[in-house]
Amino acid sequence: AHTILDDVTDKMHIRWAVLSLEQDEGFYPIARKGLKAEQQFVLRKEHPVLQRLAAGQTIITIDVMREMLAQGTLSQQQFDELMRINSRMIIPLKARDGLVGVLVMGPKLSQQNYSQDDEVILTTLSNQVAVAIDNARLYEAVQRELAERINAEAEREKLIAQLRAKNTELESFTYTVSHDLKAPLLTINGFLGFLEKDALAGDAERMRSEEHTF
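First things first, this report covers the structure right here in the doc.

The rules behind these values
Residues numbered from 1 in each chain as written. Predicted model: local features only at pLDDT ≥ 70, side-chain atom pairs only at ≥ 80, totals over all residues. Heavy atoms only, no water. Helix = DSSP H or I, 4+ residues; strand = E, 2+ residues; numbered from the N terminus. Core = buried A, V, L, I, M, F, W, Y, C linked by side-chain atoms within 4.5 Å. Buried < 20%, exposed > 50% of the residue type's maximum accessible area, 1.4 Å probe, protein only. Contact = heavy atoms within 4.5 Å.

1. Considerations on unusual backbone geometry
Point 1. A positive phi angle is found at Asp-24, which is not glycine, with a value near 60 degrees.
Point 2. With respect to the helices, strands and loops of the structure, Asp-24 is situated in the loop between strand 1 (17-23) and strand 2 (26-33).
Point 3. With a phi angle near 65 degrees, Asn-86 is a residue other than glycine that sits in the positive phi range.
Point 4. Structurally, Asn-86 is set in the loop between helix 4 (76-84) and strand 5 (89-95).

Written out as structure tokens, the structure is:
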């Protein structure tokens, strides 16, 4: 963005230029050339100039601004804010039929008006910049989604590893419990065998002795 503004202002002899992009509820400057930081301004999304550009206006010159003021679509305060920094032209940056930013141009060093050729050159440049910005944002979104998926997959693998460890612990616990239960059951089964044998033999005394021992 800074390189573009440097080239445009130098080659076309423009006093200053600002490139603003849509962020949250407004359009904020991300690059400037020849304009002091305190002179920058933020255009809210509901600003009449942005509304007009979004509706299909290809370019807004100082004459269009005056016309909007006369029609009442641009308030005196809004007009004064644009004039305070000596805005002379506002060009939309459109991508996929949406307004992603604006290129705001100051006066030419010669103080001459912008020619039709100037407008064509700046409009063509703005279209190319808009596509580049949109592609960069799409790439960033894809990279962010990819990172989220990688993190989700890592969490999934971590969870699977934890479940496998818990399953191993459960198998070990089950084996221990099973082993601990088998020993007394074998003992009980042995005593029952003796009792059954003595019962069949009618040896009540021995049975009472075995029951007492058990």
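Next, the rest of the story.
2. A word on the nonpolar core
Point 1. Counting 22 residues, the largest nonpolar core has Val-49, Ile-60, Met-65 and Ile-90 as its most contacted members.
Point 2. Every element with two or more residues in this core is listed here: helix 2 (48-54), helix 3 (62-71), helix 4 and strand 6 (98-105).
Point 3. In terms of residue count, helix 3 provides more of this core than any other element does, four residues in total.
Point 4. In contact with Ile-60, other than residues within four places in its own chain, are Val-49, Arg-52, Leu-53, Met-65, Met-68, Arg-88, Met-89 and Ile-90.
Point 5. Core analysis: the next-biggest nonpolar cluster, separate from the first, contains 21 residues, Leu-19, Ala-95, Tyr-114 and Ile-133 among them.

3. Brief notes about the environment of Val-104
Point 1. Turning to its location among the elements, Val-104 is positioned in strand 6.
Point 2. In this structure Val-104 comes out as buried when scored by relative accessible area, which is 1%.
Point 3. Along the sequence, Val-104 and Leu-82 sit 22 residues apart, while their C-alpha atoms lie 9.8 Å from each other.
Point 4. Excluding anything up to four places from it in sequence, Val-104 contacts Trp-16, Ala-17, Val-18, Phe-41, Ser-87, Met-89 and Ile-90.

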